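Residue-level structural notes
So the chains spell out like this:
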Amino acid sequence: MPWPRLPVLAFERDPDGLPRVGSLERRVSCALVLLATAWFGLAAAWEMFGPLLAGHYAASASVGIIAENMLRWRILGPVWEYVASRPTPAQYYCHHPWEIFWTSALVMKVFGRHDFVCRLPAVLLSTATVPLLFALGRAIWRPAAGAGAAVAFVVLPISLAFANFNALEVPVIAWSLLGLWGYVRLTQTWKRRHLVASVCGFLLALNADWPAFVLVGALLGFGLLRGLLLGRRPFGAVRPLRYAQWWALLATATAATALGYALLFHTSGKLDDLLQSYEMRSAGAAAPLAAVLASRRYWIELCFTPVAIALGKAAAVLCVLRLCVRRYEHELVPLFVLLMAGVQYVAFKQGADIHVYWPHYFAAFFALGMAALAATGLGLAEAVTRLCARRRGARGGRGPAPPSYRAQAIALAAVLVPVLGALALVARDGVPALAYARGTGGRFNEKGLLIHSDGAKTAFLRWLVPQLARDASVGMHEGMKTTWAQVWALGGRIVRGARPLPPAPASVGRSPRHGGEDVYLADTRFLLDDLQARLAAEQHVVAVGPFWRALAGEPAAPLDAYSFEESEPGFWHWYLVSGTEPVRRVVPDPFLTWELRTHFGQPADPPAAEPHSLEQIRIAHNVAVSRGDAASAAALLGRLIESMAGPRVRFDDGTELLGARYAPGARPLLTLLVRAAGPATEDIQLAVRSRVVRRARFSTTMADPTTRPVGIPLGLAPLRWRAGFVYSDLVPIRKRPGTEVFEAYFQIRGRPKSRHAKAPEPLGHRGPVAVLRLE
């Protein structure tokens with residue numbers, strides 16, 4: 001018995017199962033989809049050829065490491081660290097299915113080892129997601145609905161922020177949409193090619209990550225209930241055998257995939273590890289959902305915006321109503337996607353608490369929900385135009401005329417204008433979120449934690465690579481905060497993190513390969529002063545900015561220093577390589593060499609060159625002070641103060657903040673200058689924190705409620721400061737949405753030497769000193 005048809009909710013369909021609509025709707029929808037696809041593809045490809053940096057995006061580097069190991073050792077299992085011999089199954093990473101690793105290995109096989117290889121699969125799949133949404137929306141509802149889905153997806157902050165993230169969510173979304181499209185079209189046409197598309201799409205999704213099992217399981221469960229237990233032909237089908245073939249193939253593929261991974265993980269001895277990892281990810285899942293969502297409110301609003309959240313809630317209700325009223329199985333599709341997203345987000349609380357991208361699957365539901373809203377609204381608008389035409393025909397003694405081109409345009413505009421207007425409000429926060437995510441490595445505010453981009457650190461590692469033997473091993477001090485991106489940047493060499501300082505060369509009577517590494521790296525901003533002194537005394541240290549390198553077996557010698565010469569990127573470099581970091585070049589720096597040698601008691605020759613940059617003028621001032629040249633020191637100090645803005649504040653220990661300078665650019669930089677009264681008695685640090693005092697103009701997203709540290713510790717500890725010397729604190733700024741205020745203050749790092757110790761406090765100020773305000 002056919003289901004009842006309601007003109008507002010159902011559409012006339014052609015022999016191929018697609019809705020019959022006017023040419024205007026088809027043209028407008030295609031134009032919107034082309035624009036949405038082009039925009040999203042360009043957004044996803046932004047910085048595709050640039051270095052991989054810290055943050056969540058560093059996970060893409062781990063996929064590259066795994067792909068390289070697969071090709072190097074000819075293995076199918078993922079190993080996400082470089083090893084010296086063929087890995088065993090016990091070293092396989094078995095927390096997720098392996099499809100993304102195989103895909104990346106295939107891409108690397110074709111293009112070679114390059115940074116863009118770690119992003120290319122995600123960029124391609126993200127771009128393909130947009131037309132897939134359109135095709136699915138058109139098949140279920142109509143072209144305008146598909147266009148609404150495409151546009152909705154490409155303006156969401158979370159979609160834009162993680163469009164190039166080669167991890168799990170992007171492939172699951174893309175392949176699931178392909179499977180759903182094939183499923184819908186199969187039940188409309190019963191053509192074999194749609195069966196193949198559906199089964200292949202779902203099979204790839206199942207091999208991408210576990211949430212796909214929720215979606216496919218719901219679909220198979222519904223098919224079993226609908227077709228077998230209730231004894232009804234699905235969709236009034238005339239080809240029940242083809243539907244049974246699809247169901248059996250998909251059920252077999254799903255079971256085989258699940259059992260295959262269970263067997264693989266069991267034989268690798270990693271099945272218990274998998275279960276323990278998901279037990280950890282689900283920790284706290286019994287907490288009240290309302291309280292959990294309240295604790296994540298800012299992340300949720302930042303990723304979706306309040307407008308999209310309200311529209312998504314309305315769409316969920318509408319999808320249920322359409323299902324109840326229309327009783328058409330395809331109306332279940334967005335609800336199945338919502339189920340997949342909900343299980344992922346609610347069941348694994350610990351994962352969602354620390355990964356801002358965890359609700360990415362809701363973006364697919366939001367897009368399909370907007371399609372349902374657009375289809376319903378357009379159906380209502382067309383019903384009104386038909387009613388008006390019928391009344392006009394009755395008054396003229398004529399029958400109802402078919403809708404005119406003008407009537408089609410009015411109905412289409414009546415729906416698309418408010419829908420696109422609402423999505424424009426979403427885009428108001430979505431587009432800035434793209435830049436915010438790229439600048440923070442996909443971490444956004446990191447819930448108030450200090451964020452390192454590792455842009456300079458990666459430039460240092462890239463500079464270092466040509467100096468290393470191909471089989472050199474690298475040890476890193478824990479202050480380097482080793483990431484997969486750093487390991488990837490070192491070109492496939494074995495890297496060991498959290499290593500102690502190397503022994504002095506004189507005390508080593510054997511090759512460093514019998515227990516040590518060939519090169520040792522440290523970040524002095526996170527290396528305590530006594531360890532810095534020991535490393536400088538026992539090794540020949542080469543410093544590049546705050547990063548130190550020591551080669552095993554090299555005799556101790558005075559420090560040699562280089563610095564980063566930074567410039568703003570041109571357009572093509574901004575788009576293709578990095579729009580959130582300056583262009584860096586490592587150059588010898590006699591000024592920094594003098595400063596480091598002087599502070600660590602090594603013979604130092606004053607630089608002969610004239611100072612030009614702010615850092616050179618600062619160090620030249622210190623040279624003049626050390627020589628007792630008061631006139632030159634005063635002149636250079638005057639040049640420094642002239643370049644500063646902001647407050648000039650003296651602290652109660654005699655230290656003086658000379659001012660602040662803000663330099664906008666690809667990576668904005670705040671520079672603070674401090675004149676020391678002498679060495680600090682405690683391990684104090686000049687810190688900078690920020691807070692958002694007002695949300696962004698025309699934004700619907702709440703202001704970030706966290707007070708976040710943004711200043712990185714000084715590489716040269718104040719314990720070594722000298723009276724009258726001027727020191728700089730370079731603070732990279734990753735501005736948050738809204739009006740943000742930055743404040744400077746001193747704090748004691750670690751345990752104080754005395755219980756009466758306190759950090760220096762500003763005279764005439766209560767609390768931290770405001771040094772910058774950005775709208």
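Procedures and definitions
Residues numbered from 1 in each chain as written. Predicted model: local features only at pLDDT ≥ 70, side-chain atom pairs only at ≥ 80, totals over all residues. Heavy atoms only, no water. Helix = DSSP H or I, 4+ residues; strand = E, 2+ residues; numbered from the N terminus. Buried < 20%, exposed > 50% of the residue type's maximum accessible area, 1.4 Å probe, protein only. Contact = heavy atoms within 4.5 Å. Pairing = 2+ DSSP bridges. Axes fitted to C-alpha atoms, helices over the stretch in contact; angles between N-to-C directions. Parallel < 35°, antiparallel > 145°, perpendicular 65-115°, else oblique. Left-handed = near helix turned anticlockwise from the far one by under 90°. Nonpolar A, V, L, I, M, F, W, Y, C, P; charged D, E, K, R; others polar. pLDDT = per-residue confidence, 0-100. Phe/Tyr/Trp six-rings, centres within 6.5 Å; stacked < 30°, edge-to-face > 60°. Patch = residues over 30% accessible without salt bridge, like charges linked within 9 Å, V, L, I, M, F, W, Y side chains within 5 Å. Areas by Shrake-Rupley, 256 points an atom, 1.4 Å probe, with all protein chains shown as cover. Salt bridge = Lys/Arg side-chain N within 4 Å of Asp/Glu carboxyl O. Core = buried A, V, L, I, M, F, W, Y, C linked by side-chain atoms within 4.5 Å. Lys, Arg positive; Asp, Glu negative; His and termini not counted.

1. Quick notes on the overall build of the protein chain
- From N to C terminus, the protein chain includes 24 helices and 15 strands.
- Along the first, second and third principal axes, the C-alpha atoms of the protein chain reach 105 × 65 × 50 Å.
- Within the protein chain, buried positions represent 57% of all 775 residues.
- A separation threshold of at least 6 residues defines the contact pool for the protein chain, and within that pool the share at least 24 residues apart is 73%.

2. Points about the pairing of strand E9 (residues 656–663)
- Relative to E9, strand E8 (residues 649–650) runs antiparallel, the two being bridged by 2 bridges. Directly across from Val649, in E9, lies its bridge partner Leu657.
- The antiparallel hairpin formed by E8 and E9 contains 5 residues in its connecting segment, where Gly654 sits at a positive phi of about 95 degrees.
- Here E9 runs beside strand E10 (residues 669–675); their pairing, made up of 7 bridges, is antiparallel.

3. Quick notes on the packing of helix H13 (residues 297–326) against helix H14 (residues 333–347)
- Direction vectors running N to C along H13 and H14 enclose 135 degrees, while the axes themselves pass 11 Å from each other. Our classification of the angle between H13 and H14 gives oblique. Of the two possible hands of crossing, H13 and H14 adopt the one that is left-handed. Taken together, the residues of H14 that come into contact with H13 (itself represented by Ile300, Ala316, Cys319, Val320 and Leu323) are Pro334, Leu335, Leu338 and Tyr345.
- When grouped by side-chain class, the residues that make up the contact of H13 with H14 number 9 nonpolar, no polar and no charged.

4. Regarding the sheet that holds strand E13 (residues 726–732)
- Taken in spatial order, the 4 strands of this open sheet run E8-E9-E10-E13, and their pairing is antiparallel. Edge positions in the sheet fall to E8 and E13, since each of these pairs with one other strand and no more.
- Docked against the sheet, helix H23 (residues 614–627) engages E9, E10 and E13, running at close to 160 degrees with respect to E13.

5. Focus: the confidence of the model for the protein chain
- Residues at a pLDDT of 70 or more form 94% of the protein chain, whose mean pLDDT is 92.
- Ignoring residues within four places in sequence, the model shows residues 508–515, a span with pLDDT below 50, making 7 contacts including any to other chains.

6. Remarks on the pairing of strand E3 (residues 519–523)
- Summarising burial for E3: 5 of the 5 residues are buried, a large majority.
- Of the two faces of E3, the one holding Val519, Leu521 and Asp523 and the one holding Tyr520 and Ala522 are both buried throughout.
- The pairing of strand E1 (residues 474–476) with E3 spans 3 bridges and is parallel. Of the residues in E3, the one forming a bridge with Val474 is Val519.
- As paired strands, E3 and strand E5 (residues 547–551) are joined by 5 bridges and run antiparallel to one another. Of the residues in E5, the one forming a bridge with Leu521 is Arg549.

7. As for the sheet that holds strand E2 (residues 495–496)
- Ordered by their spatial adjacency, 7 strands build an open sheet running E2-E1-E3-E5-E4-E6-E7, and the pairing between neighbours is mixed. At either margin of the open sheet sits one strand with a lone partner, and together these are E2 and strand E7 (583–588).
- Bridge count between strand E4 (residues 540–544) and E5: 4 bridges; the pairing is antiparallel. Note on E5: the bridge partner recorded for Val542 is Arg549.
- Strand contacts of helix H22 (residues 590–599): E4, E5, strand E6 (557–567) and E7, with the helix running at about 140 degrees to E6, the strand carrying the most contacts.

8. Quick notes on the packing of aromatic side chains
- The tally for this structure, following the rule as stated, stands at 40 aromatic pairs.
- Arranged with centres 5.0 Å apart and planes meeting at 65 degrees, the rings of Phe165 and Tyr357 form a pair that is edge-to-face. Here Phe165, found in the loop between helix H6 (157–161) and helix H7 (169–189), pairs with Tyr357, found in the loop between helix H15 (349–354) and helix H16 (361–395); they are 192 residues apart in sequence, far enough to count as distant.
- For Phe165, a relative accessible area of 2% corresponds to the buried category.
- Taking relative accessible area as the criterion, Tyr357 reaches 11% and is therefore assigned buried.
- Taken together, a centroid distance of 6.2 Å and an interplanar angle of 25 degrees make the contact between Phe571 and Trp574 stacked.

9. Thoughts on the environment of Arg386
- With respect to the helices and strands, the residue Arg386 is situated in helix H16.
- Remark: the alpha-carbon pair of Arg386 and Ala253, spanning 133 residues in sequence, is separated by 47 Å.

10. A short note on a nonpolar patch on the surface
- A cluster of nonpolar side chains, namely Leu106, Val110 and Phe111, defines an oily patch on the protein surface of about 320 Å² accessible area.
- Here Leu106 shows up in helix H3 (residues 99–111).
- By relative accessible area, which is 56% here, Leu106 ends up exposed.

11. Section: the environment of Ala498
- Summarising the element assignment, Ala498 is placed in the loop between E2 and E3.
- Under the relative-accessibility criterion, Ala498 is labelled exposed at 56%.
- C-alpha separation for the pair Ala498 and Met480, spaced 18 residues apart in sequence, amounts to 8.1 Å.
- With near-sequence residues (within four places) excluded, Ala498 lies in contact with Met476, His477 and Glu478.

12. Observations concerning the nonpolar core
- In terms of nonpolar packing, the biggest core is built from 178 residues, with Phe162, Tyr183, Phe202, Trp246, Phe444 and Leu521 touching the most fellow members.
- Setting aside residues up to four positions removed in sequence, Leu521 forms contacts with Phe460, Leu461, Leu464, Val474, Gly475, Met476, His477, Met480, Trp548 and Arg549.
- Residues Trp594, Ile617, Ile684 and Val771 belong to the second largest nonpolar core, which totals 56 residues.

13. Quick word on unusual backbone geometry
- The residue Glu47 is not glycine, and still its phi comes out positive at about 65 degrees.
- Considering the arrangement of structural elements, one finds Glu47 in the loop between helix H1 (23–45) and helix H2 (58–73).
- Despite not being glycine, Lys481 has its phi angle at roughly 55 degrees, a positive value.
- Counting through the fold element by element, Lys481 comes out in the loop between E1 and helix H19 (484–489).

14. Thoughts on the pattern of salt bridges
- Applying the stated criterion to the full structure yields 41 salt bridges.
- Among the ionic pairs, Asp523 bridges to Arg525, the shortest N-O distance being 2.8 Å.
- Using a relative accessible area of 16% as the deciding quantity, one classes Arg525 as buried.
- Residue Glu581 is joined to Arg584 by a salt bridge in which the shortest nitrogen-to-oxygen separation is 2.9 Å. Each member of the pair, Glu581 as well as Arg584, carries the same accessibility label: buried.
- Here the residues in one salt-bridge network are Glu566, Glu581, Arg584, Arg667 and Arg734, joined through shared partners.

15. Examining the side chain of Arg708
- Relative to the elements of secondary structure, Arg708 occurs in strand E12 (residues 708–709).
- The side chain of Arg708 is buried and forms no salt bridge, while Glu740, the nearest opposite charge, is found at 4.6 Å.
- With sequence-adjacent residues up to four places away left out, Arg708 is seen in contact with Asn445, Gly448, Leu449, Ile451, Val688, Arg689, Ser690, Arg734 and Arg736.

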